[in-house]
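# Summary of structural features
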Amino acid sequence: MPAHETDGLWVRCDGCGKLVFKRELEKTSFLCPACGHHFRMGAPQRLALLADEGSFTPFPPLVSANPLGFPGYEERIRQAQEQTGLDDAALVGRAAIGGSSCILAIIDFSFMGGSMGSVVGEQLVRAFEKAAAERLPVVAVSGGGGGARMQEGIFSLMQMAKTAQAVGRHSREGLLFVSILTHPTMGGVYASFASLGDIILAEPGALIGFAGPRIVEEATRQKLPEGFQTAEYALEHGMIDAIVPRPQVAQCVGRLLLWHR
Amino acid sequence: MQPFEWEKPLLELEERISELKQFCARSKLDFSEEIASLERRASTLRREIYASLTPYQRVLMARHPKRPTTLDYIRMVFDDFLEMHGDRTFGDDAAIVGGIALFEGQPVTVVGPQKGRDTRENIARNFGLPHPEGYRKALRLMRQAEKFGRPVITFIDLVGAHPGVEAEERGQGLVIAECIEAMSFLRTPIIAVITGEGGSGGALALGVADRILMLENAWYSVISPEMCASILWRDSSRAAEAAELLRLTPTDLLKYGIIDDVITEPLGGAHRDQAFTGRQVKAFLRRYLAVLKKTKVERLVEERLARFRRIGQFHEVKLAEI
């Protein structure tokens, strides 16, 4: 659920409705101090939470082209770069988690909804290729709203094939892929690499699915079931391995990497 | 079905020609010169109208209710067909048909979404919007083809995968990912033919192939022009503008290297002469199947993967620029 900014300093929690001091949130890994609701967090904060300190070496950055000549796309990219300090929606590099080396990819929702265009697709493919070459596991943290980068049209769609194939090649080397689904993982991201993990974990309350809830509601004209497409719902329907609260994610992934060394 | 606005002058002219012909037959009067002249005008008009279709006009042609469906192509292109049902897990999805067919004596596996030809059939077929069990059936049939070394031919014509509560509960996203992954590594030749609508992940789930062919009045994109317009301008009635921006026509996609060839349709669209369209599709399949059959399966898979690996446009950033 989007965090409603009330003013610069306070945020209203979507879990319990209480106002939370932003500084406080940063100290608690973006968990509501009152109810434990998982706020969205940026890729750099996620990296700090997940990877061993000082272990991360990022891949060289890539910058999006405008393959369709979509009006205003370059400007959107530039704005997102300025706002987030990222080159695109994926932060990818070599890292260690709980002392085990891996290739880590984190999708950041604040960069154009974490949507997958050519850059995100290419970075993910490079992540799996590098991991295959060095016989390393891959840990990917997904959190992309609509999944597709509409401004890249068919090129965005093809990233689903490209990333799924990179997972397939890495997997056929007998290597581990841990896919962590955070709020929200939908559309083309969910229906490609993110679903193909050997182990699929999710954060509590994360929205996970193919078609967005509003689209489902409009198409079917039914009231959606309680908790539809949440991580808990996905677990109940057999779609994910486990729900892991944010404070335990690093330790959980660390154990998994250790067991697959 | 209302005729499209841009076709009306032509349809009126054709109507006049046919009336004149009937009148001649009844009255035994000779109007053959007038008829010939009108037919010349009709033929010019036809070329003028259909040579300059806008992207959105093509989208509408792709959705024409009389357009051939997957089962029509199966009937027109193959000598024999045994339909196979069910995903062996949950049910049989009527929105996807599949089975074994004979293509000029050779067994092939055929899979494709099936739209209805009328409202009743469309309801039964869920307007060609597959549920997860449809994709699981497709996957099962493709794996069966791989086992027996049969080429796979997919026909693609769907707006997207079904957006529904049950579809989500039964793993729509997961199964689309599985289809994409499985087709990528399938050890048998695959040809995909986009015959009408190529809508997003639901289409790609049947579209990872060695050769991707597309009919002249078909579209393929990550989002429908209506949805794109409603996101961009909160107004789905501006779909025609969105269709321009999305570059979803075969001409664009051929230029980008997303598809390999464009199958020409009769002037006025596939529905105007189904038999001709069927022969066209058959001729293209014959040509590409022959090429693929000559290639070792290891190389097919390598080339298939390499083809998708290349897709994407971006700039490398030199470290000095950061």
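### Let's talk about the side chain of Asp 108 of chain A
Residues and elements named next belong to chain A. Among the secondary structure elements, Asp 108 is positioned in the loop between strand E7 (100-107) and helix H4 (118-133). Buried charged residue Asp 108 carries no salt bridge. Nearest counter-charge: Arg 40, at 7.4 Å. Among residues more than four places away in sequence, those in contact with Asp 108 are Gly 42, Ala 43, Pro 44, Leu 86, Ala 89, Gly 114 and Gly 143.

### As for the environment of Gly 98 of chain A
All names here are of chain A. Inspection of the secondary structure puts Gly 98 in the loop between strand E6 (90-97) and E7. Residue Gly 98 is classed as exposed on the basis of its relative accessible area of 52%. Spatially, the C-alpha atom of Gly 98 lies 27 Å from that of Gly 85, the residues being 13 residues apart in sequence. What Gly 98 contacts, discounting residues up to four positions off in sequence, is Asp 52 and Gly 254.

### With respect to helix H2 (residues 43-50) of chain A
Those residues of H2 of chain A that fall on the buried side of the exposure criterion are Ala 43, Arg 46, Leu 47 and Leu 50 of chain A. An end-on view of H2 of chain A places all buried positions within 105° of arc, on one side of the element.

### Brief notes about helix H11 (residues 239-246) of chain B
Note: α-helices contain 3.6 residues per turn, so residues at a spacing of three or four share the same orientation. Residues and elements named next belong to chain B. Of the residues making up H11, those classed as buried are Ala 239, Ala 242, Ala 243, Leu 245 and Leu 246. Down the axis of H11, the buried side of the element spans an arc of 165°, and every buried residue falls inside it. Buried residues along H11 sit against helix H3 (55-62), strand E7 (219-221) and helix H10 (225-233). Just downstream of H11, Arg 247 is the residue with a positive phi angle, here 50°.

### Quick notes on the packing of aromatic side chains
Counted according to the given criterion, the structure contains nine aromatic pairs over all chains. With 5.9 Å between their ring centres and 70° between their planes, Phe 78 of chain B and Phe 103 of chain B make a pair best called edge-to-face. Of this pair, Phe 78 of chain B sits in the loop between helix H4 (70-77) and strand E1 (80-83) while Phe 103 of chain B sits in strand E2 (residues 96-103), and the two are 25 residues apart along the sequence. In this pair, the class of Phe 78 of chain B matches that of Phe 103 of chain B, namely buried. Considering the side-chain rings of Phe 78 of chain B and Phe 155 of chain B, the 6.5 Å spacing of their centres and the 75° angle between planes classify their relative orientation as edge-to-face. With Phe 78 of chain B in the loop between H4 and E1 and Phe 155 of chain B in strand E4 (residues 152-158), this residue pair connects regions lying 77 residues apart in the sequence. We note that Phe 78 of chain B, like Phe 155 of chain B, is buried. Aromatic ring contacts, followed pair by pair, group Tyr 73, Phe 78, Phe 103 and Phe 155 of chain B into a single cluster. In this arrangement the basic side chain of Arg 172 of chain A is found over the ring face of Phe 185 of chain B, its NZ or CZ atom lying 3.6 Å from the centre. Its guanidinium or amino end placed over the ring of Phe 308 of chain B, Arg 307 of chain B lies 5.8 Å from that ring's centre, counting from NZ or CZ.

### Looking at the interface of chain B and chain A
Taken together, the contact between chain B and chain A spans 49 residues of the former and 53 residues of the latter. Summed over both sides, the interface of chain B with chain A buries roughly 4,600 Å², with 71% coming from carbon and sulfur. Summed over the shared surface of chain B and chain A, the number is five salt bridges. In this structure, Arg 172 of chain A engages Glu 181 of chain B in a salt bridge whose closest nitrogen and oxygen atoms are separated by 2.7 Å.

### Describing a nonpolar patch on the surface
Side chains of Leu 9, Trp 10, Leu 19 and Phe 21 of chain A sit close together on the surface and give an oily, nonpolar patch of about 360 Å² of accessible area. Counting through the fold element by element, Trp 10 of chain A comes out in strand E2 (residues 10-12).

### Looking at the environment of Glu 316 of chain B
In this structure, Glu 316 of chain B sits in strand E9 (residues 314-316). The residues contacting Glu 316 of chain B, other than those within four sequence positions of it, are Pro 61, Leu 62 and Arg 126 of chain A. Polar side-chain contacts of Glu 316 of chain B include one of 2.7 Å to the side chain of Arg 126 of chain A.

### Things to note about the domain arrangement of chain A
Residue and element names in this part refer to chain A. The domains assigned to chain A are domain 1 (1-39) and domain 2 (40-259). The C-alpha centroid of domain 2 is placed 23 Å from the C-alpha centroid of domain 1. Contacts between the two partners involve seven residues from domain 1 and, on the opposite side, ten residues from domain 2. Interface area for domain 1 against domain 2, summed over the two sides, is near 800 Å², with a carbon-plus-sulfur share of 60%. Linking domain 1 with domain 2 are zero salt bridges. Counting the contacts that link domain 1 with domain 2 gives four residue pairs in polar contact (both at pLDDT 80 or more). Of the residues that constitute the side of domain 1 that touches domain 2, the class distribution is five nonpolar, two polar and no charged.

### Overview of the packing of H4 of chain B against helix H13 (residues 274-293) of chain B
All names here are of chain B. One way to put it is that H4 packs onto H13 with a least axis distance of 9 Å and a crossing angle of 70°. Judged by the inter-axis angle, H4 sits roughly perpendicular to H13. Listed contacts from H13 to Asp 72, Tyr 73, Arg 75, Met 76 and Val 77 of H4 are Gln 274, Ala 275, Thr 277, Gly 278, Val 281, Lys 282 and Leu 285.

### Observations concerning the domain arrangement of chain B
Residue and element names in this part refer to chain B. Under the domain assignment used here, chain B contains domain 1 (5-52) and domain 2 (59-309). Inter-centroid distance (C-alpha atoms) of domain 1 to domain 2 is 36 Å. Regarding the contact of domain 1 and domain 2, the summed buried area is about 540 Å², with carbon and sulfur atoms giving 65% of it. On the domain 1 side of the contact with domain 2, Trp 6, Arg 46 and Tyr 50 bury the most area, a combined 66% of that side's loss. Summed over the shared surface of domain 1 and domain 2, the number is one salt bridge. Between Arg 272 and Glu 14 there is a salt bridge, with its nearest N and O atoms 3.0 Å apart. At the level of elements, helix H1 (8-27) and helix H2 (32-51) are the ones that each hand at least two residues to the side of domain 1 that touches domain 2. Here the side of domain 1 that touches domain 2 is composed, by residue class, of four nonpolar, no polar and four charged.

### Topic: the side chain of Asp 87 of chain A
Residue and element names in this part refer to chain A. Mapped onto the elements of the fold, Asp 87 is located in the loop between helix H3 (73-84) and E6. For the buried Asp 87, no salt bridge exists, and the shortest N-O distance to an oppositely charged side chain is 8.9 Å, to Arg 126. Separated by 2.9 Å, the side chain of Asp 87 and the backbone nitrogen of Leu 62 make a polar contact. Leave out the neighbours within four places in its chain, and Asp 87 touches Pro 61, Leu 62, Gln 81, Phe 111 and Gln 123.

### Overview of the pairing of E7 of chain A
All names here are of chain A. Among the eight residues of E7, seven are classified as buried, and the element is accordingly described as predominantly covered. Summarising the sheet, E6 and E7 pair through eight bridges and their orientation is antiparallel. For Gly 93, the partnering residue across the bridge sits in E7 and is Leu 104. In sequence, E6 turns back onto E7 through a hairpin of two residues, with Gly 98 there showing a positive phi of about 55°. Alignment of E7 against strand E8 (residues 138-142), held across four bridges, turns out to be parallel. In the strand pairing of E8, Ile 103 is matched with Val 138. Each parallel crossover has a hand, and the one from E7 via H4 to E8 is right-handed.

The rules behind the values
Residues numbered from 1 in each chain as written. Chains lettered and ligands numbered in written order. Predicted model: local features only at pLDDT ≥ 70, side-chain atom pairs only at ≥ 80, totals over all residues. Heavy atoms only, no water. Helix = DSSP H or I, 4+ residues; strand = E, 2+ residues; numbered from the N terminus. Buried < 20%, exposed > 50% of the residue type's maximum accessible area, 1.4 Å probe, protein only. Lys, Arg positive; Asp, Glu negative; His and termini not counted. Salt bridge = Lys/Arg side-chain N within 4 Å of Asp/Glu carboxyl O. Contact = heavy atoms within 4.5 Å. Arc of directions from axis to C-beta. Phe/Tyr/Trp six-rings, centres within 6.5 Å; stacked < 30°, edge-to-face > 60°. Lys NZ or Arg CZ within 6 Å of the ring centre and 35° of its normal. Buried area = accessible area lost by both parts, 1.4 Å probe. Patch = residues over 30% accessible without salt bridge, like charges linked within 9 Å, V, L, I, M, F, W, Y side chains within 5 Å. Areas by Shrake-Rupley, 256 points an atom, 1.4 Å probe, with all protein chains shown as cover. Polar contact = N/O pair within 3.5 Å; in protein donor to acceptor, adjacent residues only side chain to side chain. Domains from an automatic or database assignment. Nonpolar A, V, L, I, M, F, W, Y, C, P; charged D, E, K, R; others polar. Axes fitted to C-alpha atoms, helices over the stretch in contact; angles between N-to-C directions. Parallel < 35°, antiparallel > 145°, perpendicular 65-115°, else oblique. Pairing = 2+ DSSP bridges. Right-handed = clockwise from strand over helix to strand, strands pointing away.

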